[in-house]
Amino acid sequence: MFKIIKRVLKLAGNFSRRLKLAMLVSFVEAIFNNTPFFMVFYTMIEIIEGTLTINDIWFITSVIISSLLIQIILKRIIYTLQSGTGFEIFARERIKIGDRLKRYPMGYFNEGNLGNISAVITSDINFVEMHVMNIIDKVVMAYVNAAISVLFLFYLDYRLALISTIVFLLANFSLRKIFKVGKKQGRTRQSTQSEVVTAVLEYVRGMSVIKSLNLTGDKARSVKKAFQKFRDISIAMERAFVPLIFRFELWFAVGIASTILMAGISVNQGSLSLPVMLIVFIFIFRIYVPFQFLSTQSAEIRLMEACLDRYQALKKIDIIDEDGKDKSLNKYEIEFSDVSFAYEQHAVLKNINFKIPEKSMTALVGASGSGKTTIANLIARFWDVQQGQVKVGGIDVKKLTCDSLLRNISMVFQNVYLFNDTILNNIRFGNPQATEAEVIVAAKKARCHRFISELEAGYQTVVEEGGSSLSGGEKQRISIARAILKDAPIILLDEATASVDPENEKHIQQAINELVKDKTLVVIAHRLSTIKNSDQILVLESGKLIQQGNHQQLLAGDGKYKDFWQQRLEAKSWQISRAESTVKS
Ligand SMILES: Nc1ncnc2c1ncn2[C@@H]1O[C@H](COP(=O)(O)OP(=O)(O)OP(=O)(O)O)[C@@H](O)[C@H]1O
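Nothing here was measured: the structure is a model prediction, and the numbers come from that model.

## Considering helix α1 (residues 2–12)
Regarding α1, the residues found buried are Ile4, Ile5, Arg7, Val8, Leu9, Leu11 and Ala12. Positive backbone phi, at 55 degrees, marks glycine 13, one or two positions downstream of α1.

## Digging into the confidence of the model for the protein
For the protein, the average pLDDT comes to 83, and 92% of its residues sit at 70 or higher. Within the model, the stretch residues 576–585 combines pLDDT values under 50 with 0 contacts to residues more than four positions away or in other chains. Interface confidence for the predicted complex, given as ipTM, is 0.97, next to a pTM of 0.66.

## Structural notes on the pattern of salt bridges
Scanning the entire structure with this criterion turns up 21 salt bridges. Two residues, glutamate 29 and lysine 75, come together in a salt bridge whose shortest N-O distance is 3.1 Å. Of the two residues, glutamate 29 is situated in helix α2 (residues 16–49) and lysine 75 in helix α3 (residues 54–101); the sequence distance between them amounts to 46 residues. A single network of salt bridges, built from pairs that share partners, joins Arg7, Glu305 and Asp309.

## Topic: the side chain of asparagine 34
Residue placement: asparagine 34 occurs in helix α2. Asparagine 34 sits in the buried class, given a relative accessible area of 0%. With sequence-adjacent residues up to four places away left out, asparagine 34 is seen in contact with Asn145, Ile148, Ser149, Phe283 and Arg286.

## Details of α2
With 34 residues, α2 ought to run about 50 Å at 1.5 Å a step, and its terminal C-alpha atoms sit 50 Å apart, in line with that. At the C-terminal side of α2, glycine 50 shows a positive phi close to 70 degrees.

## Some thoughts on a positive patch on the surface
A grouping of Arg176, Lys177, Lys180, Lys184 and Arg247 is seen on the molecular surface, where their side chains present a positively charged patch. Sorting elements by how many residues they give to the positive patch places helix α5 (residues 158–205) first, with 4 residues. The topology assignment puts lysine 177 in helix α5. Relative accessible area serves as the criterion here: at 39%, lysine 177 is assigned to the partly exposed category.

## Some thoughts on the site of the ligand
Around the ligand, the neighbouring residues are Tyr343, His346, Val348, Ala367, Ser368, Gly369, Ser370, Gly371, Lys372, Thr373, Thr374 and Trp383. In this structure, an oxygen atom belonging to the ligand sits 2.9 Å away from a side-chain N or O atom of lysine 372. Threonine 373 has a polar side-chain atom sitting 2.4 Å from an oxygen atom of the ligand. Look at the ligand: alone it shows 630 Å² of surface, and the protein chains cover 59% of it.

## Focus: the pairing of strand β3 (residues 361–366)
Burial within β3 is extensive, with 6 of its 6 residues counted as buried. Of the two faces of β3, the one lined by Met361, Ala363 and Val365 and the one lined by Thr362, Leu364 and Gly366 are each fully buried. Where β3 lies against strand β8 (residues 520–524), 4 bridges are found, and the strand directions are parallel. Bridge pairing in β8 places methionine 361 opposite leucine 521. Pairing of β3 with strand β9 (residues 536–541) involves 5 bridges; the strand directions are parallel. Counted as the bridge partner of leucine 364 is leucine 538 from β9.

## Some thoughts on the sheet that holds β9
The pairing of strands in a sheet comes from backbone hydrogen bonds and takes either a parallel or an antiparallel form. Strand order in this open sheet of 6 strands is β6-β7-β8-β3-β9-β10, and the pairing throughout is mixed. In this open sheet, the two strands that pair with only one neighbour each are β6 (409–412) and β10 (544–549). Ignoring strand direction, the axes of neighbouring strands in this sheet form an average angle of 15 degrees. Alignment of strand β7 (residues 490–494) against β8, held across 5 bridges, turns out to be parallel. Bridging from a neighbouring strand, leucine 492 pairs with valine 522 of β8. The sheet strands contacting helix α14 (residues 472–486) are β6 and β7, and the helix crosses β6 at an angle near 175 degrees.

## Brief notes about unusual backbone geometry
For glutamate 344, which is not glycine, the phi torsion reads 50 degrees and is therefore positive. In this fold, glutamate 344 is placed in the loop between β1 (334–343) and β2 (346–356). In this structure, asparagine 351 is a non-glycine residue whose phi angle is positive, near 40 degrees. Residue position: asparagine 351 is located in strand β2. Overall, the relative accessible area of 45% leaves asparagine 351 in the partly exposed class.

## With respect to the packing of aromatic side chains
Aromatic rings in a pair are described by how distant their centres are and how their planes are angled relative to each other. All told, the structure shown has 14 aromatic pairs when counted by the stated rule. With a centroid separation of 4.6 Å and an interplanar angle of 85 degrees, the aromatic rings of phenylalanine 38 and phenylalanine 152 are classed as edge-to-face. With phenylalanine 38 in helix α2 and phenylalanine 152 in helix α4 (residues 111–156), this residue pair connects regions lying 114 residues apart in the sequence. Relative accessible area serves as the criterion here: at 25%, phenylalanine 38 is assigned to the partly exposed category. The class of phenylalanine 152 is buried, set by a relative accessible area of 9%. Members of the aromatic cluster, each reached through a chain of ring pairs, are Phe37, Phe38, Phe41, Phe152, Tyr155 and Phe283.

What counts as what
- Residues numbered from 1 in each chain as written.
- Predicted model: local features only at pLDDT ≥ 70, side-chain atom pairs only at ≥ 80, totals over all residues.
- Heavy atoms only, no water.
- Buried < 20%, exposed > 50% of the residue type's maximum accessible area, 1.4 Å probe, protein only.
- Helix = DSSP H or I, 4+ residues; strand = E, 2+ residues; numbered from the N terminus.
- pLDDT = per-residue confidence, 0-100.
- Contact = heavy atoms within 4.5 Å.
- Salt bridge = Lys/Arg side-chain N within 4 Å of Asp/Glu carboxyl O.
- Expected span 1.5 Å × (residues − 1).
- Patch = residues over 30% accessible without salt bridge, like charges linked within 9 Å, V, L, I, M, F, W, Y side chains within 5 Å.
- Areas by Shrake-Rupley, 256 points an atom, 1.4 Å probe, with all protein chains shown as cover.
- Lys, Arg positive; Asp, Glu negative; His and termini not counted.
- Charge placed at Lys NZ, Arg CZ, Asp CG, Glu CD.
- Near = heavy atom within 4 Å.
- Polar contact = N/O pair within 3.5 Å; in protein donor to acceptor, adjacent residues only side chain to side chain.
- Pairing = 2+ DSSP bridges.
- Axes fitted to C-alpha atoms, helices over the stretch in contact; angles between N-to-C directions.
- Phe/Tyr/Trp six-rings, centres within 6.5 Å; stacked < 30°, edge-to-face > 60°.

See below:
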């Protein structure tokens with residue numbers, strides 16, 4: 001129970017002083033919380049002794065009212081100190097984890113981990129944020145009340161106090177057991193919750209495939225299974241608590257019964273007065289009630305601990321650029337020296353060597369799966385090479401932070417991802433400081449200003465997550481506008497393979513021409529014109545660099561490139577003749 005408080009204080013960092021202050025105020029408030037009961041005790045003594053005067057009544061009333069007012073003020077202070085702080089701590093943690101995530105190796109973002117990441121960021125942090133401050137307050141209150149009550153009972157009658165102390169200690173021991181079981185159950189529940197999130201994510205993301213292949217039954221079954229497992233675990237968790245809570249309540253029942261019995265016997269024997277007996281009854285319940293509340297909250301507290309465990313495990317993943325330095329580049333050539341790379345066990349690139357001069361255009365060509373995208377990903381250090389060196393501007397990318405490297409690189413992918421935000425902000429991701437006018441200039445260069453202006457809300461149009469409300473060509477041009485706005489000296493471009501209509505293709509080509517002026521350009525090339533006009537062509541086959549040179553040089557010799565070029569020409573003429581026959585028919 002105190003562990004969760006300790007953990008939150010550690011997490012709070014510079015906010016921990018505010019939380020400690022809130023706990024101190026809670027402590028004072030708990031003392032004032034007992035004042036009315038002491039006044040009741042005092043009144044009863046005065047009544048029995050027949051010494052109660054009107055002045056006493058005024059005194060007692062004003063003390064009770066003052067203590068209630070003080071409590072209200074203290075509660076307000078606690079609330080101000082705690083609630084805002086809780087939101088601030090977790091807002092900061094969310095930003096921190098967001099920053100770390102972008103520095104994790106891409107290999108971490110596999111399907112299994114995606115469910116975990118989503119569960120931590122959406123449900124775990126929210127859960128702790130919503131409940132932890134309230135729990136801290138209640139824990140402080142329960143222990144302070146118990147301590148004051150036990151001390152007061154010692155003052156009244158040491159025998160009764162001893163019974164209450166023993167019961168209190170036994171119940172506390174029972175409570176620890178409840179918490180221990182809760183922690184174990186909490187972990188199981190967490191991992192099942194991740195499985196649910198993973199299953200739902202997979203189901204929703206793959207909906208178009210599921211529908212087209214008519215897999216709705218099969219896939220819905222796996223989601224249902226995950227939900228059922230979660231339900232079973234949650235029920236099992238509740239069931240495991242029942243006997244423990246019963247034992248805990250039993251201790252208190254026995255304790256209360258024996259204290260009452262003992263008090264009754266003492267009154268009978270004349271060693272305890274009636275008002276003292278009555279006040280003992282009140283105070284014994286004041287020990288019991290807050291602890292009973294804590295026992296019912298034990299599942300919640302342990303769940304919070306399990307949430308924090310999972311959050312901290314996510315924070316502990318090694319970041320890829322731990323040893324990287326934040327350096328500014330002043331040269332932008334790219335070099336691969338003897339690079340070999342594998343995705344875990346799957347070797348993809350073998351002993352690759354090439355140089356890409358600054359402000360030149362290099363085309364990567366090769367069959368599907370030959371390693372073109374992997375080369376682009378290694379330049380951007382989405383992964384680290386196992387052998388050799390990737391240098392950008394003469395510096396090994398492993399010596400740079402991801403931020404300082406990526407500041408110099410714009411990537412335009414085939415599969416453009418747009419965020420659920422306005423078009424303006426989607427372009428502005430390229431340069432968050434850009435003004436609206438600058439965004440519009442970039443959009444004009446990327447040939448997307450016209451279609452954006454024709455939308456009812458223009459640049460304020462909110463794009464659906466992933467950009468599903470826009471056509472492929474439109475999305476690609478928005479992503480080019482982003483890259484133009486970023487104005488990075490190195491461009492990694494994956495040319496679209498999917499056929500777009502000629503009008504769109506013309507616009508995309510014009511947009512790319514604007515983007516790549518005076519840049520170091522590496523393009524995963526599919527268009528014959530791009531390949532032909534490149535300063536350098538790197539031909540890949542099964543992860544090996546088999547040819548290197550410009551179009552004329554490669555065509556002059558015999559080799560894969562010549563075959564490849566021939567095949568592409570044939571494919572193009574086949575496409576053209578097919579298009580012509582479609583027009584004729
Ligand atoms: N994240 C990944 N994890 C494991 N293997 C991967 C991963 N990404 C790619 N691969 C594998 O690495 C090999 C090279 O893939 P890569 O995407 O670099 O090829 P490519 O030449 O760009 O192909 P395409 O033209 O089809 O995009 C392929 O066998 C692919 O299956």
